[in-house]
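Working through the structure, step by step
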Amino acid sequence: MGDSDLKVRVSEISPVLIELEVTIPWSDIGGRMDRTYARLGRDAQVRGFRKGKAPRSVLERTFGAAVTKEVLAEVVEERLGAAIQRCGRRAVSTRSVQPGAVENGQPLRFTAKVEVLPTIGDIVREGLVAERPRTDVAEADVDREIDRLREEHAELAPIEPPRGARKGDVVLVDYQATMAGAKEPASKAEGRQIELGKGDLLPGFEEALLGATEGERKEAPITFPEDHARPDMRGKTATFSIHVREVREKVLPDPDDEFARDLGEHETMAALREALAGKMAKARGESAARAVERSVVEDLAKKNPIPLPGALVEAQLEGMEQEILRLVSPGTAPDPRVRLSDEIRTQLRGQAETRVRGSLLVAEIATRDEVVVTDEEVDAHLGGIAASTGRSPAKVKAEYVKGDRMEALRAHLMEKKVVAGLLTKAEIREVEQETGHEHDHEHEHEHDHGHDHDHDHEGGHGHGHG
């Protein structure tokens, strides 16, 4: 049977949700039934009959419900795709399918609610505003970087004479949480090193460690916050049994020429500062280039509030949440019980909607403007990745082909071309650079050459365990 025999009636429930009423002639249903029973007749074991000898009427009494269910699922899945294609909309997800009853000799009718991409009318591209962070590096910025390097190369020294732990000290502890008389496996550690005063512990845990002495054992009742990563722990109180194994004091190296030489690349502190300033300026320039691209797409989305399919927003939100959780606990297997708080998810949802809306608008502009990414542009981009990672262009290209990432790379480059076009007409405003992100540039640079889009990681908190 061809799809031309299909009857489809389309009702628009919303700009991104349609209902299809599909009618399939009995010839298609009956033919599938005949083929299924023929297969059963050859293979089925029916009491009282030799294999392959049971008549159709017996097969219908024995397997009728199962055959009907199988045929119905098969035909609905197949014909739903054809019906969606017939209506000329791009489907995102199927919300629900309601099949009708199968009656011998009668057409089959079923209805389906389908989320679709919105039909986009005129796109406002004029008057866009994009924010570009300033890229200049002040002496105070270099000072902060020097302080970070000193912290990174600090030594942990025994405290003489011994005293209780205080902020800035590093303690080595074992702990085990108990709740309602049972040990909580996820809140256990042996030999965990904790720097006091950083504020990344559960409320009350650090207070229990302040003043503690080496070798001390103590118990502390601690209530998990309402935005804790695990919903089943929120608001509950556990007793933490803590063993303080060591209390050490951080000793930072002096910021002098000897420290510069110890880092291995520069003979003097002045040379180190100059090199750091250059590196930070380069990182800020790369970060600003990405930021201004995100900003113009965000303004495009703001000025064109097209409706969004819920499934796309949920998928984007889920991806953002998982990315934040990976950043919070790198290298650990994902725990399905760990979720961001409802407050953070609400904040992220707005960002997810902006990203999805921006992506749909950029894709539509690419189609309307017939934006094309050439093979030469792809090769040039892969060559840039090769140069920055010390690999050969052929090897990088082979990795993309093997990983089935070439199509996504082309889409990424097409998006970059559209965004570049938007920026040529946009008003670009300089804003102050946020501090503290200079060290993310290597990861961001690698991701920018990757197969998807850049991701922000705002909003992550409430993940601490004790």
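Here, the structure is the one placed above.
Reading the values: rules and limits
- Residues numbered from 1 in each chain as written.
- Predicted model: local features only at pLDDT ≥ 70, side-chain atom pairs only at ≥ 80, totals over all residues.
- Heavy atoms only, no water.
- Helix = DSSP H or I, 4+ residues; strand = E, 2+ residues; numbered from the N terminus.
- Rg over C-alpha atoms; globule rule 2.2 N^0.38 Å.
- Buried < 20%, exposed > 50% of the residue type's maximum accessible area, 1.4 Å probe, protein only.
- Contact = heavy atoms within 4.5 Å.
- Expected span 1.5 Å × (residues − 1).
- Pairing = 2+ DSSP bridges.
- Axes fitted to C-alpha atoms, helices over the stretch in contact; angles between N-to-C directions.
- Core = buried A, V, L, I, M, F, W, Y, C linked by side-chain atoms within 4.5 Å.
- Salt bridge = Lys/Arg side-chain N within 4 Å of Asp/Glu carboxyl O.
- Phe/Tyr/Trp six-rings, centres within 6.5 Å; stacked < 30°, edge-to-face > 60°.
- Patch = residues over 30% accessible without salt bridge, like charges linked within 9 Å, V, L, I, M, F, W, Y side chains within 5 Å.
- Areas by Shrake-Rupley, 256 points an atom, 1.4 Å probe, with all protein chains shown as cover.
- Lys, Arg positive; Asp, Glu negative; His and termini not counted.
- Charge placed at Lys NZ, Arg CZ, Asp CG, Glu CD.

**A few points about the overall build of the chain**
Summing up its helical and strand segments, the chain has 12 helices and 11 strands in all. The C-alpha radius of gyration computed for the chain amounts to 31 Å, which surpasses the reference 23 Å derived for 466 residues by more than 25%, pointing to a less compact arrangement than a globule. With respect to the three principal axes, the spread of C-alpha positions in the chain is 95 × 65 × 45 Å. When the 466 residues of the chain are sorted by exposure, 37% land in the buried category. Long-range contacts, defined as pairs at least 24 residues apart, comprise 72% of the intrachain contacts of the chain with a sequence gap of at least 6.

**With respect to helix α1 (residues 26-43)**
The first and last C-alpha atoms of α1 sit 26 Å apart over 18 residues, in line with the 26 Å expected at 1.5 Å per residue. Each element contacted by the buried residues of α1 is listed here: β2 (17-24), α2 (56-87) and β4 (108-116).

**With respect to the pairing of strand β1 (residues 7-14)**
Looking along a regular strand, one sees the side chains alternate between the two faces of the sheet. One ladder, built from 7 bridges, connects β1 with β2; its direction is antiparallel. In the strand pairing of β2, E12 is matched with I18. A loop of 2 residues connects β1 with β2, the two strands running antiparallel in sequence.

**Description of the sheet that holds β1**
Spatial strand order, β1-β2-β4-β3: 4 strands in an open sheet with antiparallel pairing. Two strands bound the open sheet, and with one partner strand each, they are β1 and β3 (91-99). Between one strand axis and the next, the sheet turns by 20 degrees as a mean value, whatever way the strands run.

**Looking at the nonpolar core**
Counting residues in hydrophobic clusters, the biggest one holds 34 residues, and the most contacted among them are V296, L300, L348, V418 and L422. Tallying contributions element by element places helix α8 (residues 342-368) first for this core, with 9 residues. Those residues in contact with L300 that sit more than four places away from it in its chain are I123, V124, L128, L361, V362, I365 and L422. Formed by 28 residues, the second largest nonpolar core is a distinct cluster that contains L20, A44, V71 and V75.

**Quick notes on the pattern of salt bridges**
Pairing is possible between side chains that carry opposite charge, provided their charged atoms lie close to one another. By the definition in use, this model includes 44 salt bridges. A salt bridge links R32 to E78, with the shortest nitrogen-to-oxygen separation between them at 3.1 Å. A residue pair is termed long-range when its members are at least 10 positions apart, and R32 in helix α1 and E78 in helix α2 qualify at 46 residues. Owing to a relative accessible area of 6%, R32 belongs among the buried residues under this scheme. A relative accessible area of 40% places E78 in the partly exposed class.

**Some remarks on the packing of aromatic side chains**
Tallying each qualifying case throughout the model produces 4 aromatic pairs. Ring geometry for F205 and F240: centres 5.4 Å apart, planes at 85 degrees, overall edge-to-face. Taken together, the residues span a long stretch of sequence, with F205 in helix α4 (residues 205-209) and F240 in strand β10 (residues 237-251) at a distance of 35 residues. A relative accessible area of 0% means that F205 is categorised as buried.

**Considering a negative patch on the surface**
Residues D254, D256, D257, E258, D262 and E267 make up a contiguous surface patch of negative charge. Of note, E258 is situated in helix α5 (residues 257-262).

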